[in-house]
Amino acid sequence: MKMINLKNAAMASQYVATELFKVIDSKSDAVLGLATGNTMLDVYRNLNTLIEANKLNLNRIRTFNLDEYIGLSKTHPQSYHIYMQEQLFKYNHTWNPNYIYIPNGLSSDVEKECNDYEHALNTLGPIDIQILGIGENGHIGFNEPGASFDSTTRIVELSESTIRANSIHFENEALVPKQAISMGIASIMKAQRIILLALGNSKSEIIERLLNGDVTEDLPASILHTHPNVEIIVDDAVYFGK
């Protein structure tokens, strides 16, 4: 695992977008592991620009998202289905909807939804490149502190800190779902390459813990130390902690 400081959010986001683009461009049936959140907004904006500039045909690209809230429909404005549609998929008509995998938070059988999602990952994978953010408590996906390193796609309970952090996207904290479907840590670790993007001063402490601490389930992202191909991409605010 290595950390690369790309000075600012613009350069860091451009780098991650370019690495995604290179995978898509070199492998027409690539499998992408995608993340959501504010950190990824410029990544997808830049990726859209690169896709359009190079007139790529995406109809064989498969995408898997890390997670989705339980209880939100695919049309709910705060669902990750809508996030991905608004930030990425609507910008190019060649994305194949049959190859876009995002958990269904309104499934009538959530346990089956989790098992089916994991089966699809194992059948169509491995993921060629997995993009991650990181929570201030060290979560990746919605794998909160204490999550088993052996975990696969499952129902998770969101921590108070995650609910509080995500409340900025809702009218009030009470409206934030308390559960989600999330790829497990073992699911994430099957990816051939992982890029974790961390930006801003609020992520400096957790990145320092990640780099210098032990591999422990109390810090879910620490498992990345055991993966052979991981990059941590940061800006000056993370690198210098100010």
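In what follows, the structure referred to is the one given above.
Model, not experiment: these values are computed from the prediction. (Residues numbered from 1 in each chain as written. Predicted model: local features only at pLDDT ≥ 70, side-chain atom pairs only at ≥ 80, totals over all residues. Heavy atoms only, no water.)

Here's the deal with the overall build of the chain
Turning to step 1, where the next piece is worked out: A count of helices and strands for the chain gives 8 helices and 10 strands.
Turning to step 2, where the next piece is worked out: Projected onto its principal axes, the C-alpha coordinates of the chain cover approximately 40 × 40 × 35 Å.
Turning to step 3, where the next piece is worked out: Taking as baseline every contact in the chain between residues at least 6 positions apart, the subset at least 24 positions apart corresponds to 80%.
Turning to step 4, where the next piece is worked out: Summed over all atoms, the accessible surface of the chain reaches about 11,000 Å², with 48% contributed by carbon and sulfur.
Turning to step 5, where the next piece is worked out: Taken together, the 19 basic and 29 acidic charged side chains of the chain have centroids lying 7 Å from each other. (Helix = DSSP H or I, 4+ residues; strand = E, 2+ residues; numbered from the N terminus. Contact = heavy atoms within 4.5 Å. Areas by Shrake-Rupley, 256 points an atom, 1.4 Å probe, with all protein chains shown as cover. Lys, Arg positive; Asp, Glu negative; His and termini not counted. Charge placed at Lys NZ, Arg CZ, Asp CG, Glu CD.)

Points about the pattern of salt bridges
Turning to step 1, where the next piece is worked out: Taken as a whole, this structure holds 11 salt bridges when the rule is applied.
Turning to step 2, where the next piece is worked out: The shortest N-O distance in the salt bridge between Asp236 and Lys7 comes to 3.0 Å. Residue Asp236 is located in helix α8 (residues 236-239), and its partner Lys7 is located in the loop between β1 (2-5) and α1 (9-26); the two are separated by 229 residues in the primary sequence.
Turning to step 3, where the next piece is worked out: Residues Glu231 and Arg193 are paired through a salt bridge, measuring 2.6 Å at the closest nitrogen-oxygen approach. Here Glu231, found in strand β10 (residues 230-234), pairs with Arg193, found in the loop between α6 (185-189) and β9 (194-198); they are 38 residues apart in sequence, far enough to count as distant.
Turning to step 4, where the next piece is worked out: Judged by relative accessible area, which is 6%, Glu231 ranks as buried. (Salt bridge = Lys/Arg side-chain N within 4 Å of Asp/Glu carboxyl O. Buried < 20%, exposed > 50% of the residue type's maximum accessible area, 1.4 Å probe, protein only.)

Quick notes on the packing of aromatic side chains
Turning to step 1, where the next piece is worked out: For the coordinates displayed, the defined rule picks out 9 aromatic pairs.
Turning to step 2, where the next piece is worked out: Taking the centre distance of 5.7 Å and the plane angle of 40° together, the rings of Tyr69 and Phe142 count as tilted. Of this pair, Tyr69 sits in strand β4 (residues 67-69) while Phe142 sits in the loop between β6 (129-132) and β7 (154-157), and the two are 73 residues apart along the sequence.
Turning to step 3, where the next piece is worked out: Residue Phe142 is classed as buried on the basis of its relative accessible area, which comes to 4%. (Phe/Tyr/Trp six-rings, centres within 6.5 Å; stacked < 30°, edge-to-face > 60°.)

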